[in-house]
Amino acid sequence: MARRNPANRSRPGKPKRGTGPTFSRNEAGTGELRIIGGDWRSRKLRFPDAGGVRPTPARTRETLFNWLSFHLAGSDCLDLFAGSGALGLEALSRGAATVTLVDHTPALARALRDNLRLLKSNGGEVVCAGVENYLKHRNRPPFDIVFMDPPFRQGWLERLFPLLDQQEWIRPGGWVYVEHESEITTPAVPAAWQLHRQKSAGQVTYSLFRVMTEAE
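Residues numbered from 1 in each chain as written. Predicted model: local features only at pLDDT ≥ 70, side-chain atom pairs only at ≥ 80, totals over all residues. Heavy atoms only, no water.

Student: Let's hear about the sheet that holds strand β6 (residues 124–128): which residues, and what values?
Tutor: One open sheet accounts for seven strands, arranged β6-β5-β4-β7-β8-β10-β9; its pairing is mixed. Looking along the sheet, the strands with just one partner apiece sit at the ends: β6 and β9 (193–201). Between one strand and the next, the sheet's axes are offset by a mean angle of 15 degrees, whatever the strand orientation. In the packing of helix α3 (residues 106–118) onto the sheet, the strands contacted are β5 (98–103) and β6, and the crossing angle to β6 comes to about 170 degrees. (Pairing = 2+ DSSP bridges. Helix = DSSP H or I, 4+ residues; strand = E, 2+ residues; numbered from the N terminus. Axes fitted to C-alpha atoms, helices over the stretch in contact; angles between N-to-C directions. Contact = heavy atoms within 4.5 Å.)

Spelled out as C-alpha cells, the structure:
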C-alpha cells in the first residue's frame, strides 16, 4: 500500500498512518511492517522510506481479511501500488496461492523481492512498473482478488476502474478492494461491480466490491 505524490507519491496534508506496533520508522530512513495473521504472523519486515510509503493499518487489514476469509485460500491476487507490500504479503501469509505486487519505485520493488526471499515464498511476483501502464494490456489470466490503494487526490480510481473493467483483469465472481479519502464519495464503478462491504476510519474509506457473473 502506498502514500505518495506524482513524483514521490506523498499525500500532502494527510496524517501518517499505521503508527504503533504494526509500523515504525527508524533513524536510518527505513520502515518496519508487521504481518498480523496467517503463517507469517508477527514477522517484521523492513522497507525503504521511499516517498513516504505507509502500510495499511493493522485494524483495517484485519477487517479486510475478515471480509475475504472464505475467498482467500488458493487465490491469485494483484496488489497495485504495493509499496511496503502490506496487503499482498498479508494475503500470502493468509493462504493466497500467488500475489503480483506492482510498484513503480525501484527501491521498493527491490525490498519486496528481498522480503519474499526472507519469507522463503515462491508465491510472490514483483513488477516494477507504473500501475496505469501495467493495466493497459493484460497478457495473463484474470485475477481472483485485486487490492488497490492509490495515492489520494490524484484521480487514480477514475482512471483505473475503466482499465480494470475493459481489460477484464478480475474474473467474474472475483473481488476488488479499494481505499480512498473519506472527503469524497466513492467514484462510479463499472456496472458489473457490486458493493459488498464499506467502512470509514478517520480520513480513509475502504470498500470491497464483487464482480458479478453473467448469470447474476
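Student: An account of helix α1 (residues 58–67) is requested, with residue identities and associated values reported.
Tutor: Most of α1 is tucked away, with seven of its 10 residues classed as buried. Along α1, the residues that are buried comprise Ala58, Thr60, Arg61, Thr63, Leu64, Phe65 and Trp67. On its buried face, α1 is in contact with β2 (30–34), α2 (86–93), β7 (143–148), β8 (170–181), β9 and β10 (204–211). (Buried < 20%, exposed > 50% of the residue type's maximum accessible area, 1.4 Å probe, protein only.)

Student: Go over the packing of aromatic side chains, please, and point to the residues and values.
Tutor: Per the stated rule, a full pass over the model turns up nine aromatic pairs. With a centroid separation of 5.1 Å and 75 degrees between ring planes, the pair formed by Phe81 and Trp156 is classed as edge-to-face. Of this pair, Phe81 sits in the loop between β4 (76–80) and α2 while Trp156 sits in helix α5 (residues 156–166); the two residues are 75 residues apart in sequence, bridging distant segments of the chain. Residues Phe81 and Trp156 agree in their burial class; the two are buried. (Phe/Tyr/Trp six-rings, centres within 6.5 Å; stacked < 30°, edge-to-face > 60°.)

Student: For the environment of Ile145, give the residues involved together with the corresponding values.
Tutor: Tracing the backbone shows Ile145 in strand β7. The spacing of Ile145 and Val99 is 46 residues in sequence and 9.2 Å in space, taken between C-alpha atoms. Dropping the residues within four chain positions of it, Ile145 is found in contact with Leu68, His71, Leu72, Ser75, Asp76, Cys77, Leu78 and Trp175.

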